[in-house]
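Observations on the model geometry
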Amino acid sequence: MPEPNVQSMLPLSPRDFLILFALVDGERHGYGLVKDVERHSDGTVRIDPANLYRSLKRLMRQGLVEESGRRPAPELDDERRRYYEITDLGGRVLTAEAVRLERLAQAAKAKKLIPQSEGTG
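What you see is a predicted model; the values in this text were computed from it and never measured.

**Things to note about the side chain of Glu97**
Looking at the secondary structure, you find Glu97 in helix α4 (residues 88-110). On the basis of relative accessibility, which here comes to 1%, the residue Glu97 falls in the buried class. Apart from the residues lying within four places of it in its own chain, the contact partners of Glu97 are Leu10, Pro11, Leu12 and Phe17.

**Concerning the sheet that holds strand β1 (residues 28-29)**
If you walk across this open sheet you meet the three strands as β1-β3-β2, and the pairing is antiparallel. Because the sheet does not close on itself, it has two edges, and the strands there are β1 and β2 (65-67). By the bridge criterion, two bridges tie β1 to strand β3 (residues 83-86) in an arrangement that is antiparallel. Bridge assignment links His29 to a residue of β3, and that residue is Tyr83. Helix-sheet contacts for helix α1 (residues 14-23) involve β1, β2 and β3, and the interaxial angle to β3 is about 95 degrees.

**Examining unusual backbone geometry**
Between Leu10 and Pro11 the backbone carries a cis peptide bond, its omega angle lying at -5 degrees. Residue placement: Pro11 occurs in the segment before α1. The backbone of Asp42 sits at a positive phi, close to 55 degrees, despite the residue not being glycine. With respect to the secondary-structure elements, Asp42 resides in the loop between α2 (30-40) and α3 (49-61). One non-glycine residue, Lys112, adopts positive backbone phi at about 60 degrees.

**Points about the pattern of salt bridges**
Two side chains carrying opposite charge are able to pair once their charged atoms lie near each other. Across all of its chains, the model carries five salt bridges by this definition. The partner of Asp16 in a salt bridge is Arg58, with the nearest N and O atoms 2.8 Å apart. Placement of the pair is Asp16 in helix α1 and Arg58 in helix α3, with a sequence separation of 42 residues. The buried category is assigned to Asp16, whose relative accessible area is 5%. Asp36 is paired through a salt bridge with Arg39; the nearest N and O atoms lie 2.9 Å apart. Of this pair, Asp36 and Arg39 are both found in helix α2, three residues apart, which corresponds to roughly one turn of the helix. Through salt bridges with shared partners, a single ionic network connects Arg28, Asp36 and Arg39.

Calculation criteria
- Residues numbered from 1 in each chain as written.
- Predicted model: local features only at pLDDT ≥ 70, side-chain atom pairs only at ≥ 80, totals over all residues.
- Heavy atoms only, no water.
- Helix = DSSP H or I, 4+ residues; strand = E, 2+ residues; numbered from the N terminus.
- Buried < 20%, exposed > 50% of the residue type's maximum accessible area, 1.4 Å probe, protein only.
- Contact = heavy atoms within 4.5 Å.
- Pairing = 2+ DSSP bridges.
- Axes fitted to C-alpha atoms, helices over the stretch in contact; angles between N-to-C directions.
- Salt bridge = Lys/Arg side-chain N within 4 Å of Asp/Glu carboxyl O.

Purely geometric numbers; function is a separate question.
Take a look at the structure:
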């Protein structure tokens, strides 16, 4: 099956962007993803476990995320936990979305919708 065009997968929803963004740092289990999404969004995006796993299943179907083969030692972690990682395609889509958002932010600055920080133009 041919790999989808990265641009055709944009824009990402804020939730999907934050899930992929959290996975850039390495494998995460569900609870870790919930906490990372909340932290990276300054608490503005919260995902309950049911919605997280629905999102993960969809991201896996799209080829952006995969379940890791990692299984922690039972004495170190809950052996029922599933760990997830970003795929190469997921990384490319995340990068393309970050570039798209950067361009949007630059356009917003040009229209003075975002205040210039001190020491810049």
